[in-house]
Amino acid sequence: MNRYSLPLTALVLVALPFVFRTSFALAFLSQVGALTIFAMSYNLLLGGLGLLSFGHAVFFGLAGFSTGHFMLALDGAGASAAWLPLVPLLGAAIGAAAGIVVGFISVRSGGLAFAMISLGIAELVSASALIFVSFFHGEAGVSFDRALAPVMGITFGPIGQVYWLVAGWVFIVLVFMAHLARTPLGLAGYAVRDNAERAGFLGYRPVRVRFFNFIIAAAVAGVGGALYAIVFEHVGFESLGLAQTGLVLFMVYIGGTGVFFGPVLGALLVTYLHTVVSRVTPAWSFYLGVTFLLVVVFVPGGIGGLISKHIAILRERPRASVSLAGPYLAGAAVIALTFLGLVMLVEMTGFLSSPTRMGSVMRVFGIPLDVSSAASWIAGVLLVAVGLVLCRYSMPMVRARFRAALPAEQGSKQ
Amino acid sequence: MEVFCLDTFLFSLFNGALYGLLLFMLASGLTLIFSMMGVLNFAHASFYMLGAYLGFEIGRRTNFYIALAVVPFLVGGLGILIERYGLRHVHAYGHVGELMFTFGLSYVVQEVVVTIWGRSPLPATIPPSLNFTLFSVFGLEYSAYRVLMLFVSLGIFVGMFLLVARTRLGLILRAAISRPDTLAALGHNIQLIFALVFGGGTALAALAGILAGNILGTEPGMAIQLGSVIFVVIVVGGLGSLVGTCVAALGIGILQTLASSYDLSLSMLLASLGIRPEWPAFLVELTNTTLSRAAPLVPFLIMVALLSLRPNGLFGRGSS
């Protein structure tokens, strides 16, 4: 995060629709944008306050449902499209209102107690969603038409116009978040995260600091939920639940909790898996889960953390970065080998259990595999086994080279 | 009142107690792992699911009893491997890191099960050799299988209580949570103890899975369905308290089953007392919701209500 980051972001947001012009790409980018806002708000809790919430989607989903009903009302009244850019404000208000209620119950303690209460609230709300049909419309959810009466030729019906709406809000939220991190409230949040007791002695009451940050996070999640509903013109009860929070947790943690743009990276990656890879294989969520586990165990700073460290290496010790190329190539080869074996095994298993399969031959990365012959299974197992053994020996070396290359003050933070 | 009859009440009471015992079987492993290692195992219900699926698969090839004997060891062994090669490495990142790891694990196990066995339910049923009426009370018949479940849960409760409170091993286990360094200095292999505790807890979950999978159904949603309920159980009971877990499991099991068997709503209740107020439109749905439809909410309502009154749960020990 430096003073060029936000202007550069604005430039990228403006340039993107001129590079990616298909409606699929624009829909994808709009989806990433809405989820980026949601991920930024989640990171305010996870990275900023050290609170692991299993119920953050409650705010996302409630704002989405309110947006749905509000849009139906706007459609019915024949309102003009000038209203639509303001609808996320309604989402923010709903999110904040729900955040006050939920925060009142849940932020008294951090850590495990907070996580458990948030899980209870998530289950409570998503179970209620199936009971109170008049608002949540049961399993069908709320569908609406986002195109309103045109203002200067803009209806927000075409996805290209929605992209600009989402991009505008993404920029507002990024500026807001960057600013929040520098306010006394944001800074007190870091203090409470690192040592609640000491922060309390300095006069920052941990419960109050958590409470206000929590409400802000809920409001921002509401903005994301409203935009997400607008992009899809639909909101379903699953957007309230644990699965939705799980996805945003994956985004934020894989992207990196300690880096400002980490959640953006994560939202991009997870949405890519969700929309593009899921067309190729139903096991995409298995790969997502495994990636998350690997990041939790081996790369707690996330991808964003890795990138920022490498930028530091490139900037301060360009020569050391050259010596990293060799070990990295070797490491990448080993990981690719293991990954290939794993994908082979998973895809063959999925193929075998698929009720609609035809014949016994399938392709993985273009390699034809016969699931009825033992040879392809043995090949998969061998690849994984050899890959894991190689990883075990090569990864510590790669890591040692990386640590040695880190600039001094970066290394001491490790 | 006609909606309230003794038969239904007793029937739901017994069924609720049985469901509560199943919850206890599951939650006991979770409590064991939490009280010994300080790890909240989000993936606990996933091991339960894995137990049910493996139990079905092995039971289909051999028979139920072999599955019952083998599967807990298989899943427990898997638990040991996961502790050794995964969980142990995130211990340094604290509770939140561990919780995140087990959350990811639950996600992966879910996907593995779906990839191997598909998305439709498996035809798991009670083994015929145990599917006969052992006794009947007030006209309610109880199959031998349900009685077996009852005894297994009671056995787990008594066994765990004795193990932790009365044996030398229990003493070492209790020392492992409060003074791991001292215990290691005394020559005990602390890492091995943790691995065994995690394996033991997951084995208990698998045992519950084999037994319950045949009654509640062996299907991909089973882990998600029970996972959050057993969390509620151990939080309500007070984290780390075995007695609290037992009380909370039975209480929640009975209350939820009772709620689900009564088609009673607030407006019906008031109407029977002669009160028929004009509700505002947005409240009509609330007052017309019957108890049986709201039954899934019961555990979470109890949890949220209790935690705002007693943050440490029923039998919690003060510090959280």
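Calculation rules
Residues numbered from 1 in each chain as written. Chains lettered and ligands numbered in written order. Predicted model: local features only at pLDDT ≥ 70, side-chain atom pairs only at ≥ 80, totals over all residues. Heavy atoms only, no water. Helix = DSSP H or I, 4+ residues; strand = E, 2+ residues; numbered from the N terminus. Buried < 20%, exposed > 50% of the residue type's maximum accessible area, 1.4 Å probe, protein only. Lys, Arg positive; Asp, Glu negative; His and termini not counted. Salt bridge = Lys/Arg side-chain N within 4 Å of Asp/Glu carboxyl O. Contact = heavy atoms within 4.5 Å. Pairing = 2+ DSSP bridges. Buried area = accessible area lost by both parts, 1.4 Å probe. Polar contact = N/O pair within 3.5 Å; in protein donor to acceptor, adjacent residues only side chain to side chain. Nonpolar A, V, L, I, M, F, W, Y, C, P; charged D, E, K, R; others polar. pLDDT = per-residue confidence, 0-100. Core = buried A, V, L, I, M, F, W, Y, C linked by side-chain atoms within 4.5 Å.

Engineer: Is there a simple way to think about the side chain of Arg210 of chain A in this case?
Structural biologist: All names here are of chain A. Residue position: Arg210 is located in helix α10 (residues 206–232). No salt bridge is formed by the buried Arg210. Its closest oppositely charged neighbour is Glu197, at 11 Å. Among all residues touching Arg210, those that are not within four sequence positions of it are Leu49, Leu51, Val107, Arg108, Ser109, Gly110, Val192 and Ala196.

Engineer: What am I meant to see in the pairing of strand β4 (residues 367–370) of chain A here?
Structural biologist: Walk down a regular strand and you will see the side chains alternate between the two sheet faces. Residue and element names in this part refer to chain A. Here strand β3 (residues 361–364) pairs with β4 via four bridges, running antiparallel. If you follow Val361 over to β4, its bridge partner there is Asp370. Counting the residues in the hairpin turn of β3 and β4 gives two residues, including Phe365, whose phi is positive at 50°.

Engineer: Honestly, the interface of chain B and chain A in this entry has me stumped. Any pointers?
Structural biologist: Bring the parts together and some accessible area is lost; that lost area is often taken as the interface size. Each side of the interface is counted separately: chain B has 39 residues, and chain A has 44 residues. Between chain B and chain A the total buried area reaches about 3,800 Å² when both faces are included, carbon and sulfur atoms providing 79% of it. At the junction of chain B with chain A, the criterion picks out zero salt bridges. One can count three residue pairs in polar contact (both at pLDDT 80 or more) joining chain B with chain A. Taken together, the elements giving at least two residues each to the side of chain B that touches chain A come down to α3 (64–90), α4 (94–117), α9 (222–237), α12 (281–288), α13 (291–294) and α14 (298–309) of chain B. Counting residues per element, the side of chain B that touches chain A draws most heavily on α4 of chain B, which supplies 15 residues. Across the side of chain B that touches chain A, the residue classes tally to 25 nonpolar, ten polar and four charged.

Engineer: Would you mind going over the confidence of the model for chain A with me for this structure?
Structural biologist: Caution is warranted with low-pLDDT regions, since their predicted coordinates should not be read in detail. In the predicted model, chain A carries a mean pLDDT of 86, and the fraction of residues at 70 or more is 98%. Under a pLDDT of 50 for its full length, residues 410–414 of chain A has, in the predicted model, six contacts with residues more than four places off or in other chains.

Engineer: I would appreciate a short explanation of the nonpolar core in the present structure.
Structural biologist: Of all hydrophobic cores here, the largest spans 214 residues; its most connected members are Phe54 of chain A together with Leu23, Met37, Phe47, Leu99 and Phe101 of chain B. In this view, Leu23 of chain B contacts Leu226, Val229, Ile230, Val233, Ala249, Ile252 and Gly253 of chain B; residues no more than four positions away in its chain are not counted. Core analysis: the second largest hydrophobic core is formed by six residues, Ile313, Ala320, Leu324 and Leu406 of chain A among them.

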